[in-house]
Amino acid sequence: MPGTRRFFSQPLLHFLLLGALIFAVYGLVAPGSETEPEQSGEDIVVTQQQLDRLIEEYRATWQRAPDPDEIEALIDGYVREEILVREALRLGLNQGDTVIRRRLAQKMDFLATSAARSQQPTEQDLAAFYADNEPYYRRPGRIAFEQVFLGPTADEELVEELLANLQRGGNAEQLGKRTLLPFRMRLSEKARIDALFGDGAFEKIEVLPLNEWQGPVKSGYGTHLVRVTEYQPSEVLGFDLVREDVVTDWTQKRAQEIRADALEAMRQRYRIVLPEATQ
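Remember, predicted model here, so these are calculated numbers, not experimental data. (Residues numbered from 1 in each chain as written. Predicted model: local features only at pLDDT ≥ 70, side-chain atom pairs only at ≥ 80, totals over all residues. Heavy atoms only, no water.)

### Brief notes about the overall build of the protein chain
Along its length, the protein chain carries ten helices and six strands. Expressed as a percentage of the 279 residues in the protein chain, the buried residues total 22%. Taking all contacts inside the protein chain whose residues are at least 6 apart in sequence as the whole, residues at least 24 apart take part in 67%. When the accessible surface of the protein chain is summed, it comes to about 21,000 Å², and 54% of that surface belongs to carbon and sulfur atoms. (Helix = DSSP H or I, 4+ residues; strand = E, 2+ residues; numbered from the N terminus. Buried < 20%, exposed > 50% of the residue type's maximum accessible area, 1.4 Å probe, protein only. Contact = heavy atoms within 4.5 Å. Areas by Shrake-Rupley, 256 points an atom, 1.4 Å probe, with all protein chains shown as cover.)

Now the structure itself:
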């Protein structure tokens, strides 16, 4: 019958049936009398620290402190959540749940590394870390230049003619072929120049002499005449300029070390048994 089919297809009915099944299973596995649930003796303690956290979360959400009724509701919500979590664990609902397993692993990982966040490195620690990792604090070389685009290819006669014109002071912006490539590049690093002109363009341009039109220079788009207007070589930045970066990097490295040590200590409490095929 259509009405009956609609009734049994309702999501609410499915939810009620699932709830009844869970309570039936719980009734089989949980100890207690048939007439009245036995008191387990477990305490749900709401500490002042937990209450402060609930109030702080409320304040962050609503931009005001909760009133007494709202505080009572916060406590009721916390107790309700605690009851449901404990009962779910009692029924083993956490077993085989990939999301829960990963969340628990993440929390353990956080606990293992939280100590690093509370540590404050000394100046000696930072200086030693900076010295050991000096190459990571090197600023890449940068170049600024102007270019005249000659097209996908250019014969030697055209190149020599244009170079002579430029060396006599000709207007570079009016020479060459039209292109969407910029005529003038400000001081830029390799990544930006190669992104605009193609891989390897930076290396070809950085070796050119300063303030002299040179060419032909090949790019990913074709042939160019190029004049380097400024060159800033690669250099290691001084400790004072990168101190904040050094602190961040030191903390991350220390966290990795603490996490690895903590995991190894926990691993020692277990015997790892693998399938025979992997042994």
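### Points about the side chain of Gln-147
As for its placement among the helices and strands, Gln-147 is situated in strand E2 (residues 142-151). Among the polar contacts listed, one links the side chain of Gln-147 to the backbone oxygen of Pro-182, at a separation of 3.0 Å. One polar contact links Gln-147 to His-224, side chain to side chain, over a distance of 2.8 Å. With near-sequence residues (within four places) excluded, Gln-147 lies in contact with Thr-179, Leu-181, Pro-182, Phe-183, Phe-197, Trp-213, His-224, Leu-225 and Val-226. (Polar contact = N/O pair within 3.5 Å; in protein donor to acceptor, adjacent residues only side chain to side chain.)

### Re helix H4 (residues 68-90)
For H4, which comprises 23 residues, the first-to-last C-alpha distance of 33 Å matches the rise-based estimate of 33 Å (1.5 Å per residue) to within 8%. Just downstream of H4 lies Gly-92, where phi reads positive at about 75°. (Expected span 1.5 Å × (residues − 1).)

### Re helix H3 (residues 48-62)
Between its first and last C-alpha atoms H3 spans 21 Å; for 15 residues at 1.5 Å apiece the expected length is 21 Å, and the two agree. Along H3, the residues that are buried comprise Leu-51, Leu-54, Ile-55 and Tyr-58. Viewed end-on, H3 has its buried residues packed into an arc of 95°, placing them on one side of the element. Summarising the geometry of H3, the exposed residues directed more than 90 degrees from the buried face are Gln-49 and Ala-60. (Arc of directions from axis to C-beta.)

### With respect to the sheet that holds strand E4 (residues 213-218)
The antiparallel open sheet is built from four strands, whose spatial order is E3-E2-E5-E4. Every other strand in the sheet has two partners, leaving strand E3 (184-189) and E4 as the edge strands with one partner each. When the angles between neighbouring strand axes are averaged without regard to direction, this sheet yields 40°. As paired elements, E2 and strand E5 (residues 223-232) share nine bridges and run antiparallel to each other. Bridging from a neighbouring strand, Glu-146 pairs with Arg-227 of E5. Where helix H7 (residues 156-167) meets the sheet, it contacts E2, E4 and E5, and its direction lies at approximately 145° from that of E4. (Pairing = 2+ DSSP bridges. Axes fitted to C-alpha atoms, helices over the stretch in contact; angles between N-to-C directions.)

Without other data, these values stay purely geometric and don't point to any function.
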